[in-house]
Amino acid sequence: MNKGILDYDFGVQVDLYLLIKSATKGIASNGKPFLTLILQDQSGDIEAKLWDASEEDEKNYTAQKIVKVIGDIHNYRGKSQLKIRQIRRTGPSDSVKLEDFLETAPLSQEDMNSKLTQYIFDMKNPNIQRITRHLLKKHQQAFLEYPAATKNHHEFVSGLVYHVVSMLDLAKSIATLYPSLDKDLLYAGVILHDMGKVVELSGPISTVYTVEGNLLGHITIMVNEIGKAAQELGISGEEVLILQHLVLSHHGKAEWGSPKPPLIKEAEILHYIDNLDAKMNMLDRALERVKPGEFTERVYALENRSFYKPIFHK
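The structure contained in this document is the topic of the report that follows. Only a predicted model underlies this, so the values are computations on that prediction, with no experimental measurement involved.

As for the overall build of the protein
Thinking step 1. Helix and strand counts for the protein come out as 10 helices and five strands.
Thinking step 2. Radius of gyration (C-alpha) of the protein: 22 Å, near the 20 Å computed for a compact globule of 314 residues.
Thinking step 3. Projected onto the principal axes, the alpha-carbon positions of the protein cover approximately 65 × 45 × 40 Å.
Thinking step 4. Burial status across the protein gives 47% buried among its 314 residues.
Thinking step 5. Intrachain contacts of the protein at a sequence separation of at least 6 include 57% that bridge at least 24 residues.
Thinking step 6. Counting every atom, the protein has about 16,500 Å² of accessible surface; 51% of that belongs to carbon and sulfur.
Thinking step 7. Charge centroids of the protein, computed over 37 positive and 41 negative side chains, lie 3 Å from each other.

Printed below as a string of structure tokens:
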């Protein structure tokens, strides 16, 4: 698949195979049902409306189904939208498979797992090291496969671990500049801060929130996991409390989802590193989709701003 759905300009007609990421039913102003489809390939995803949707359409066009679509790329309120002309489910004669449509992290799972292992090996505090290693081993497969979110940042296969290894490299650089930082705490905080998402989210494909995700959230899930791990390992030092605080506070403020603000130096730095890496990922992904001299679509998670790509950027 050479050219992806996000590689086409406005006004272009496309004829493509796409994966349904999600399908949501709505009722139009004329009282007729329609489907809002989020369609994706390896370049990213795009919204499309299927008007006058029948009951058969609702059964046919559901998440994780591959479809053949003919349509036009439109600019709708500053965002790309696909106007469907024709759509059909694929069958045995269509030589396509699910993995052809999944966006994945730019590093291999093996390379990222090796980096994680090295950072844990570098830890000097045995309690912090044992808890981190125990939890990584417990959730390893999902941790290597899951996205970091359903939207906004690192929302692709292996996005969670890619976010974490990027943050670990940032943490290492910052700790070199500020040697008073406890590297063990910082590395452990980075590895554990979002690990609860392997319970909060449903998986790497057509990702949605689970019941636990909706009722508890990844922060609460991980605080409980750290407590459970410490109990299983017979660890009762202050490190357990501090690791729980790092997870509790990494969103920075109550209105951003943290029950407590950062009250430890490493917790403050963890929040900045998390925020920086997430925002850089959002910006890179938005700017990849436009040519020099153009503005991006509005980025909702960045105060709904459109960002300009300077002409001299290659």
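As for the pairing of strand 4 (residues 66-76)
Thinking step 1. One ladder, built from seven bridges, connects strand 1 (residues 13-27) with strand 4; its direction is antiparallel. Residue pairing in the sheet places Tyr17 in a bridge with Lys68 of strand 4.
Thinking step 2. Bridging between strand 4 and strand 5 (residues 79-89) involves 10 bridges; their strand directions are antiparallel. For Ile73, the partnering residue across the bridge sits in strand 5 and is Leu82.

Description of the packing of helix 4 (residues 159-177) against helix 5 (residues 183-192)
Thinking step 1. Direction vectors running N to C along helix 4 and helix 5 enclose 160°, while the axes themselves pass 9 Å from each other. Between helix 4 and helix 5, the interaxial angle falls into the category roughly antiparallel. Crossing geometry of helix 4 relative to helix 5 is assigned as right-handed. Residues Val164, Met167, Leu168, Ala171, Lys172 and Ala175 of helix 4 lie in contact with helix 5, whose contacting residues are Lys183, Leu186, Tyr187, Val190 and Ile191.

Details of helix 8 (residues 217-233)
Thinking step 1. Here helix 8 is 17 residues long and its end C-alpha atoms lie 25 Å apart, about the 24 Å a rise of 1.5 Å per residue gives.
Thinking step 2. Along helix 8, the positions that sit buried rather than exposed are Gly217, His218, Ile219, Ile221, Met222, Val223, Glu225, Ile226, Ala229 and Ala230.
Thinking step 3. Those residues of helix 8 that are buried lie in contact with helix 3 (126-145), helix 5, helix 6 (197-200), helix 7 (211-215) and helix 9 (238-249).
Thinking step 4. Looking one or two places after helix 8, you find Gly234, whose phi comes out positive at around 70°.

Quick notes on the pattern of salt bridges
Thinking step 1. By the definition in use, this model includes 15 salt bridges.
Thinking step 2. For Glu103, the salt bridge goes to Arg285, with nearest N and O atoms at 2.6 Å. Of the two residues, Glu103 is situated in the loop between strand 5 and helix 2 (109-121) and Arg285 in helix 10 (residues 265-288); the sequence distance between them amounts to 182 residues. For the residue pair Glu103 and Arg285, the accessibility class agrees, reading buried in each case.

Some details on the sheet that holds strand 1
Thinking step 1. Overall, mixed pairing links the five strands, which are arranged 1-2-3-5-4 in a closed barrel. For this sheet, the mean angle separating the axes of adjacent strands, direction not counted, is 50°.

Overview of unusual backbone geometry
One can expect most non-glycine residues to show negative phi and most peptide bonds to be in trans.
Thinking step 1. Of note in this structure, Gln64 is not a glycine but carries a positive phi near 75°.
Thinking step 2. Tracing the backbone through its elements, the reader meets Gln64 in the loop between helix 1 (55-60) and strand 4.
Thinking step 3. Its relative accessible area of 44% is what places Gln64 among the partly exposed residues.
Thinking step 4. Positive phi outside glycine occurs at Ser158, with the angle close to 70°.
Thinking step 5. Take Ser158: it is sitting in the loop between helix 3 and helix 4.
Thinking step 6. On the accessibility criterion, Ser158 (4% relative accessible area) is buried.

A short note on the pairing of strand 5
Thinking step 1. Both strand 3 (residues 44-50) and strand 5 contribute to a ladder of three bridges, which runs parallel. Counterpart to Lys49 in the pairing with strand 5 is Lys83.

What to know about the side chain of Asp274
Thinking step 1. With respect to the secondary-structure elements, Asp274 resides in helix 10.
Thinking step 2. As a buried residue without a salt bridge, Asp274 has its nearest oppositely charged side chain in Lys197, at a separation of 6.7 Å.
Thinking step 3. In terms of polar contacts, Asp274 uses its side chain to reach the side chain of His163, at 2.8 Å.
Thinking step 4. When neighbours within four sequence positions are excluded, Asp274 is seen to be in contact with His163, Met167, His193, Asp194, His250 and His251.

Digging into the packing of aromatic side chains
Thinking step 1. Taken as a whole and assessed by the stated rule, the structure comprises four aromatic pairs.
Thinking step 2. Aromatic side chains Phe34 and Trp51 sit 4.9 Å apart centroid to centroid with 40° between the ring planes, which places their arrangement in the tilted category. Taken together, the positions of Phe34 in strand 2 (residues 33-41) and Trp51 in the loop between strand 3 and helix 1 put the pair 17 residues apart, joining distant regions of the chain.
Thinking step 3. The exposure class assigned to Trp51 is exposed, which follows from its relative accessible area of 51%.

Rules and cut-offs
- Residues numbered from 1 in each chain as written.
- Predicted model: local features only at pLDDT ≥ 70, side-chain atom pairs only at ≥ 80, totals over all residues.
- Heavy atoms only, no water.
- Helix = DSSP H or I, 4+ residues; strand = E, 2+ residues; numbered from the N terminus.
- Rg over C-alpha atoms; globule rule 2.2 N^0.38 Å.
- Buried < 20%, exposed > 50% of the residue type's maximum accessible area, 1.4 Å probe, protein only.
- Contact = heavy atoms within 4.5 Å.
- Areas by Shrake-Rupley, 256 points an atom, 1.4 Å probe, with all protein chains shown as cover.
- Lys, Arg positive; Asp, Glu negative; His and termini not counted.
- Charge placed at Lys NZ, Arg CZ, Asp CG, Glu CD.
- Pairing = 2+ DSSP bridges.
- Axes fitted to C-alpha atoms, helices over the stretch in contact; angles between N-to-C directions.
- Parallel < 35°, antiparallel > 145°, perpendicular 65-115°, else oblique.
- Left-handed = near helix turned anticlockwise from the far one by under 90°.
- Expected span 1.5 Å × (residues − 1).
- Salt bridge = Lys/Arg side-chain N within 4 Å of Asp/Glu carboxyl O.
- Polar contact = N/O pair within 3.5 Å; in protein donor to acceptor, adjacent residues only side chain to side chain.
- Phe/Tyr/Trp six-rings, centres within 6.5 Å; stacked < 30°, edge-to-face > 60°.

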